[in-house]
Amino acid sequence: MSIRNKLWVGFIVAGSTFAFSEAASAQADSFKIASTSYSQPLTQVESFIGGKKVETVRYKLGSVDRLHDGLLYSSYGDQVINLKNSKTMLKKVEDSPLRITKYKNAYYALAISNLNEFSLTKYTLDFKKIGQTKRFVGHGRDMIVSGDKLYVLANNMRTETSSVEIHTFDTKHFTSLHLEKIKPMIFAFHFRHTGNELKVYGNQTEAGEELSIASYDLKKQQSKIVLTSKQPVMWVDETKALSPTKDLVFNTYSMLEVDQKTKQVRVLYSSKQALIDYAYDSKTKMYHVLEGNFETSNYRVKTLNSHFKPVADYKFQSTGRLMPFQVL
């Protein structure tokens, strides 16, 4: 591999300026911000403690919008960096990966291969391709691998009205085992595995952005809409259980509490700026919310307590044409 394709790693203090309120809370705050450049091969992860930057690590990979499970990659490219590997180097994968998940002794990758077409590829832990890449109809949105089965959430745009589908494959040869259409949902953002079901979060109508949640029973292979709400959502990126009956739904507009028992939806937190990402600190039971305005390059991280009330506010302006995309 050429020097130009090797990883840049450095501990360089640069990039952003912070200010914070509520000093008592801020002193205990600890989080990281990942930012990327869309004009040059550069992504950096900055570490902050009490509002002060203590470390910056840089990687030679640009346009990054994925950082999870120890992997750093871009859904616009064909390269991935394993941050857990001491020999951190760029590895080539199928173009436009949406989700790369480690399961047992392999990586499984969901990618966009064409208009209304997704692909599945299996790799070794060193990202050497295993078998052939297989392609299927639908715009892939998310992937879950569990119990020797691989589930793909996709929006099928070929029909007169868009439909939401859950594909079930085996993990050995990507043989199709079942295809479930989630009716009448027309667009899905995200799904989550909970017990014996997959919860699907999306929109039920094309005209509006109203939240719709469906449940897919893995044993019965049956699906149904379990909740509809007039609460608008856009790009549901993450959800988590707050209790056995309540879920947290994070989207660009707000953080919502969804009560599956009473079918009530309430806003826990919202902002005048777009919500980009959040991270939950299980030790302090605090939420760090990254929000901002991409046009003005003004961003902030707000720390919310367990009641979703702001207790600290860190303001910063991105420099060097780097755009923050994730808080850790």
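Small disclaimer: the values here were computed from a predicted structure and weren't measured. (Residues numbered from 1 in each chain as written. Predicted model: local features only at pLDDT ≥ 70, side-chain atom pairs only at ≥ 80, totals over all residues. Heavy atoms only, no water.)

So, the overall build of the chain
Defined as follows: Under the DSSP-based scheme used, a helix requires at least four consecutive residues in state H or I and a strand at least two consecutive residues in state E, with every element numbered from the N terminus. Radius of gyration here uses only the C-alpha atoms, and the compact-globule reference equals 2.2 Å multiplied by the residue count raised to the power 0.38. Per-residue accessibility, obtained with a 1.4 Å probe over protein chains only, is compared with the maximum for each type, and a residue is labelled buried under 20%, exposed over 50%, and partly exposed between these values. Any two residues whose heavy atoms approach within 4.5 Å at even a single point are treated as in contact. Areas reported as accessible are Shrake-Rupley estimates using a 1.4 Å probe. Residue values count occlusion only from the protein chains shown.
From N to C terminus, the chain includes 1 helix and 29 strands. Expected size for 328 residues packed as a compact globule is a radius of gyration near 20 Å; at 20 Å, the chain falls within 12% of this value. Principal axes of the C-alpha set define a box for the chain whose edges measure 55 × 50 × 35 Å. Here the chain holds 328 residues, and 52% of them are scored as buried. Counting only contacts in the chain whose residues sit at least 6 apart along the sequence, the fraction spanning at least 24 positions is 40%. Counting every atom, the chain has about 16200 Å² of accessible surface; 50% of that belongs to carbon and sulfur.

Some thoughts on the sheet that holds strand β23 (residues 254-259)
Just so we agree on the cut-off: Between any two strands, at least two bridges found by DSSP are needed for them to pair. To define axes, lines are fitted to C-alpha atoms, for helices over the stretch in contact only, and angles between the resulting N-to-C directions are given on a 0 to 180 degree scale.
Ordered in space as β21-β22-β23-β24, the 4 strands form an open sheet in which the pairing is antiparallel. If you trace the sheet from one side to the other, it starts and ends with β21 (238-241) and β24 (264-270), each paired once. Across this sheet, the average inter-strand angle for adjacent strands is 20°, counted without regard to direction.

Quick look at the packing of aromatic side chains
Counted only if it meets this: Centres within 6.5 Å make a pair out of two Phe, Tyr or Trp rings, where for Trp the six-membered ring is used; the pair is then stacked when the planes are under 30 degrees apart, edge-to-face when over 60, and tilted otherwise. Charge-over-ring placement is defined geometrically: NZ (Lys) or CZ (Arg) within 6 Å of the ring centre, and within 35 degrees of the ring normal.
Counted by the stated rule, this structure contains 19 aromatic pairs. A cation over an aromatic ring shows up here: K240 above the ring of Y280, its NZ or CZ 4.7 Å from the ring centre.

Overview of the confidence of the model for the chain
Rules: On a range of 0 to 100, pLDDT expresses the predictor's confidence in each residue.
Per-chain confidence: the chain averages 88 in pLDDT, with 90% of residues scoring 70 or above. For the chain, the element scoring lowest by mean pLDDT is strand β1 (residues 19-20), at 44; strand β11 (residues 117-123) scores highest, at 97.

Side note on the nonpolar core
Just so we agree on the cut-off: Among buried residues, the Ala, Val, Leu, Ile, Met, Phe, Trp, Tyr and Cys ones that are joined through side-chain atoms within 4.5 Å form a nonpolar core.
The biggest cluster of nonpolar side chains holds 15 residues, and the ones touching the most others in it are Y108, F118, L120, M143, L150 and V152. For this core, the secondary-structure elements that each account for two or more residues are β9 (97-103), β10 (106-114), β11, β13 (139-146) and β14 (149-156). The residues contacting L120, other than those within four sequence positions of it, are A109, L110, Q132, T133, K134, F136, M143, L150, V152, F169 and F174.

Structural notes on the layout of surface pockets
One simple way to see leftover space: roll a probe sized like a water molecule over the atoms. Definition in use: Cavities and pockets were defined on a 1 Å grid built from protein atoms only: a cavity is a group of points that admits a 1.4 Å probe but offers it no way out, a pocket is an open group of points flanked by protein on both sides within 12 Å along at least five of seven lines, and a lining residue is one with an atom within 4 Å of any such point. Grid points are joined across faces, edges and corners, and a volume is the space filled by probe spheres set on the points. Note on residue classes: Ala, Val, Leu, Ile, Met, Phe, Trp, Tyr, Cys and Pro are nonpolar, Asp, Glu, Lys and Arg are charged, and everything else, Gly too, is polar.
The volume enclosed by the largest pocket comes to roughly 1400 Å³. The element contributing the most residues to the lining of the largest pocket is strand β25 (residues 274-281), with 7 residues. By residue class, the composition of the lining of the largest pocket is 22 nonpolar, 11 polar and 10 charged.

Things to note about the side chain of S47
Turning to its location among the elements, S47 is positioned in strand β3 (residues 43-49). Take S47: its relative accessible area is 10%, and that puts it in the buried class. With sequence-adjacent residues up to four places away left out, S47 is seen in contact with F31, K32, K52, K53, V54 and E55.

Observations concerning the environment of I49
Relative to the assigned elements, I49 resides in strand β3. It is 40 Å that separates the C-alpha atoms of I49 and S215, two residues lying 166 residues apart in sequence.

Brief notes about the pattern of salt bridges
Inclusion rule: Within this document, salt bridges are pairs made up of a side-chain nitrogen of Lys or Arg and a carboxyl oxygen of Asp or Glu, the two lying within 4 Å of each other.
Across all of its chains, the model carries 14 salt bridges by this definition. The shortest N-O distance in the salt bridge between D65 and R66 comes to 3.4 Å. A residue is classified by how much of its surface remains accessible, and D65, at 19% relative accessible area, is buried. A residue is classified by how much of its surface remains accessible, and R66, at 21% relative accessible area, is partly exposed.

Overview of the sheet that holds β13
Sheet strands line up and pair through hydrogen bonds in the backbone, either parallel or antiparallel. Taken in spatial order, the 4 strands of this open sheet run β13-β14-β15-β16, and their pairing is antiparallel. A strand with exactly one partner marks an edge of an open sheet, and here the two such strands are β13 and β16 (176-182). Within the sheet, the average angular offset between the axes of one strand and its neighbour, ignoring direction, is 20°. Relative to β16, strand β15 (residues 163-170) runs antiparallel, the two being bridged by 6 bridges. Residue pairing across strands places I166 opposite E180, the latter belonging to β16.

A few points about the pairing of strand β22 (residues 246-250)
Counting buried residues in β22 gives 4 out of 5 residues, a clear majority hidden from the surface. Summarising the sheet, β21 and β22 pair through 4 bridges and their orientation is antiparallel. By the bridge assignment for β22, E238 is matched with F250. The turn linking β21 back onto β22 is made up of 4 residues.

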